[in-house]
Structures are given as structure tokens and as C-alpha cells.
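# Architecture at a glance
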Amino acid sequence: MPRVTVTVDGITYQEEVEPRLLLVHLLRERLGKTGTPVGCDTSNCGACTVMLDGKSVKSCSVLAVQADGSDVVTIEGLGANGSMHPMQRAFHEEHALQCGYCTPGMVMAAIDLLRDTPEPSEEAIRQGLEGNLCRCTGYCNIVRAVRRGAQEMGQAVKSS
Ligand code: FES
Ligand code: FES
């Protein structure tokens, strides 16, 4: 079986994998990263979104072997020193979740959106997150959370 070397949330792993194994299953079942859920398995919902070499991807649409040599960040690797990432905090403070199933993917996609659009309009947020589905919230608080997270991340950059 092929052997992949992948860094996940700062730790490097070497795993023998079946060629058909999906990245999301490597993360969840082999590495214990159950903070990344599977919502559909058909690349529609975005719940499984992680960062792969700095860009958000749906990890159910990537084979584990394709991630060989890559750096992956999951929702579990976002915070630092026991603190939430500003985008996680914004989702919490704006009540942008109910069941929470979509939330890890929403947070990762939101952070990726801000790489290119640090001060997104409501329209840009809705467009940027259109690959991530939420069946609970109606999206209004998610949009508010992304704006708040963007402001806090912007302030953190200015003060650093
Ligand atoms: S589980 Fe990957 S997009 Fe739904
Ligand atoms: S909070 Fe339940 S799916 Fe989004």
C-alpha cells in the first residue's frame, strides 16, 4: 500500500493507506481528528472542509494519497495556546450555530475567504460560503459572525 507523509495540525504522520482512502477518513478514522465531520460524502455540504496547504478543500473530495507531503489544518488545529481562533470566537459570540455540524467547515471556509477578501461585504460572504450548507441557522448569524471575525482578524494584523 502507498505510504503518505502528511502534517496535520502541526504533527507529521506517516501512514500506509489504501489508494481509495479519502482524506476525511484518514483524518477521522486513522488520526482521530473527529472535529471534521462527514455531512454528505457527495462533495455538496462542505462540513468536511479543512485547509490543505493553506487553501480550503472539501476533504471528502481529496484522496489521502493526494495529500502526500502536504500541510493540513483542521478545526482542531486552529486555536493557539488553548484559545479559540478569532473566527471560532465570532461564531460563538454571534450565535452562528445550532447543531454545529456545519460549523467546522464554515469556519475554515470563512478564513479562506478572508485571505483574498479581508473586508468582505455581506454578498461576498454569502458567495464565498455558498459551498457550505447549513440546515439550521438560516445563515444570517453566520454572515454576522464572518464579518465580526474579519474585523477581529484585521485588528489583530494591524496591532501586530
Ligand atoms: S462531507 Fe464533504 S462535502 Fe459533505
Ligand atoms: S448549525 Fe446545524 S447544520 Fe449548521
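So, how was this worked out
- Residue indices follow the written sequence of each chain, beginning from 1 at its first position.
- For naming, the first written chain is A and the first written ligand is 1, with later ones following in the order written.
- A pLDDT threshold of at least 70 governs which residues receive local features in this predicted model, and a stricter bar of 80 or more applies before side-chain atom pairs are shown or counted, although totals over entire chains, interfaces and linings include all residues.
- For the side-chain quantities, the full set of heavy atoms in the structure was used; hydrogens and water were omitted.
- UniProt positions are given in the numbering used here, feature names are shortened, and annotations may be inferred rather than shown by experiment.
- Exposure is judged per residue with a 1.4 Å probe applied to protein chains only, and the accessible area is read against the type maximum: over 50% gives exposed, under 20% gives buried, and values in between give partly exposed.
- Elements are defined by DSSP. Helices are runs of H or I of four residues or more, strands are runs of E of two residues or more, and each kind is numbered from the N terminus.
- We call two residues in contact when some of their heavy atoms are within 4.5 Å.
- A pair of strands is labelled paired if DSSP reports no fewer than 2 bridges between them.
- Between N-to-C directions, angles cover 0 to 180 degrees, with each direction set by a line fitted to C-alpha atoms, over the stretch in contact for helices.

Named according to an unreviewed UniProt entry, the protein is Carbon-monoxide dehydrogenase small subunit originating from Nonomuraea glycinis. What the UniProt record of the protein gives under Pathway (unreviewed entry) is the line "Alkaloid degradation; nicotine degradation."

Every α-helix winds through 3.6 residues per turn, so residues three or four apart in the chain are directed the same way. Within the sequence span of helix α1 (residues 23–30), burial applies to L23, V24, H25, L26 and L27. In this fold, the buried residues of α1 make contact with β1 (3–8), β2 (11–16), β3 (49–52) and β5 (71–73). Looking one or two residues beyond α1, the residue adopting positive phi is G32, at roughly 75 degrees.

So, on to unusual backbone geometry. Phi at D9 takes a positive value of approximately 50 degrees, unusual for a residue other than glycine. A relative accessible area of 19% places D9 in the buried class. Here the phi dihedral of H95 falls at roughly 55 degrees; this positive angle occurs in a residue that is not glycine. Summarising the element assignment, H95 is placed in the loop between α2 (86–93) and α3 (103–116).

What the five strands build is an open sheet, ordered β2-β1-β5-β3-β4; its pairing is mixed. Only two strands of the sheet have a single neighbouring strand rather than two, namely β2 and β4 (55–58). Ignoring strand direction, the axes of neighbouring strands in this sheet form an average angle of 35 degrees. Bridging between β3 and β5 involves two bridges; their strand directions are antiparallel. Within the sheet, the bridge partner assigned to L52 lies in β5 and is V72.

The next point concerns the pairing of β4. A regular strand places its side chains so that they alternate between the two faces of the sheet. Examined bridge by bridge, β3 and β4 share four bridges and lie antiparallel to one another. Its bridge partner lying in β4, L52 is registered against K55. Taken together, β3 and the strand that follows it, β4, pair antiparallel across an intervening segment of two residues, in which D53 is found at a positive phi of about 50 degrees.

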